[in-house]
Amino acid sequence: MSVSPERPIYSPFFSVMGATSAMVFSSMGAAYGTAKSGVGIAAMAIMKPELIMKSVVPVVMAGILAIYGVVVAVLIANTINKDGTTMAKDLTNMGAGLSVGLSAMAAGFAIGIVGDAGVRGTAQQPKLFVGMVLMLIFAEVLGLYGLITALVMMYA
């Protein structure tokens, strides 16, 4: 890495913070979604243990959010020490990391709340399952929007 007027010595810090933000915030969303949905699954399993495997959908969808953060964090990490990188690119990397991280965190909160209520409701009324899955898809796509935005920011 060379220091230049286009890339001061402190410039890589912004890319590092982008990678960190992508990983930390998306993992927080995934953890919350998993924990909140898991509480609902545990409560539902007391009444209808045969529905446990069917009710794992929110946990899987929450876990996918962390993958979005890993993808962006790895892509950012691969650009940190490349020659020709400018401070503008480092700041863009930080924006990309925040984009995917914060949107995945919001999606994780939504998945956790919908998943908790959905699996409990599905235990009482099985017809609710399709509606719960649709709501989970709409919550998951919020994280996907953040991933797409981050990739466009990094490569446009």
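Residues numbered from 1 in each chain as written. Predicted model: local features only at pLDDT ≥ 70, side-chain atom pairs only at ≥ 80, totals over all residues. Heavy atoms only, no water.

Q: Explain the overall build of the chain residue by residue, including any values.
A: In terms of regular secondary structure, the chain is built from 4 helices and 0 strands. Along its sequence from the N terminus, the chain presents helices and strands in the succession α-α-α-α. The globule rule puts the C-alpha radius of gyration for 156 residues at 15 Å, and the 19 Å found for the chain is more than 25% above it. In the chain, buried positions account for 42% of the 156 residues. In the chain, the proportion of contacts linking residues at least 24 apart, taken out of those at least 6 apart, comes to 84%. Positive and negative side-chain charges of the chain, numbering 8 and 6 respectively, have mean locations separated by a distance of 13 Å. (Helix = DSSP H or I, 4+ residues; strand = E, 2+ residues; numbered from the N terminus. Rg over C-alpha atoms; globule rule 2.2 N^0.38 Å. Buried < 20%, exposed > 50% of the residue type's maximum accessible area, 1.4 Å probe, protein only. Contact = heavy atoms within 4.5 Å. Lys, Arg positive; Asp, Glu negative; His and termini not counted. Charge placed at Lys NZ, Arg CZ, Asp CG, Glu CD.)

Q: Could you give an account of the environment of G40, with specific residues and numbers?
A: Mapped onto the fold, G40 is located in helix α1 (residues 12-47). For the pair G40 and L147, spaced 107 residues apart in sequence, the C-alpha to C-alpha distance is 28 Å.

Q: Could you give me a rundown of the UniProt feature "transmembrane region" (unreviewed entry) in the chain, with the residues and numbers involved?
A: Mapped onto this numbering, the UniProt entry gives "transmembrane region" (unreviewed entry) at residues 12-35, 56-76, 96-116 and 128-155. As a span, residues 12-35 carries 100% helix and 0% strand, and end to end its C-alpha atoms are 34 Å apart. (UniProt positions renumbered as here; feature names shortened; annotations may be inferred.)

Q: Could you give an account of the UniProt feature "domain: V-ATPase proteolipid subunit C-like" (unreviewed entry) in the chain, naming the residues involved and the relevant values?
A: With numbering matched to this structure, UniProt assigns "domain: V-ATPase proteolipid subunit C-like" (unreviewed entry) to residues 17-76 and 94-153. Measuring from the first to the last C-alpha atom of residues 17-76 gives 10 Å, for a span that is 85% helix and 0% strand. For residues 94-153, the end-to-end C-alpha separation is 10 Å, with 95% helix and 0% strand making up the annotated structure.

Q: Outline the packing of helix α3 (residues 87-124) against helix α4 (residues 128-155), listing residues and values.
A: Put simply, α3 and α4 touch, their axes get as near as 7 Å, and they point 175° apart. On the basis of their axis angle, the class for α3 and α4 is roughly antiparallel. The residue inventory of the contact of α3 with α4, partitioned by class, reads 19 nonpolar, 12 polar and 2 charged. (Axes fitted to C-alpha atoms, helices over the stretch in contact; angles between N-to-C directions. Parallel < 35°, antiparallel > 145°, perpendicular 65-115°, else oblique. Nonpolar A, V, L, I, M, F, W, Y, C, P; charged D, E, K, R; others polar.)

Q: Give me helix α2 (residues 57-77): which residues, what numbers.
A: Helix length check: α2 (21 residues) gives 31 Å between terminal C-alpha atoms against 30 Å at 1.5 Å per residue, within 8%. In this structure, the buried residues of α2 make contact with α1, α3 and α4. (Expected span 1.5 Å × (residues − 1).)

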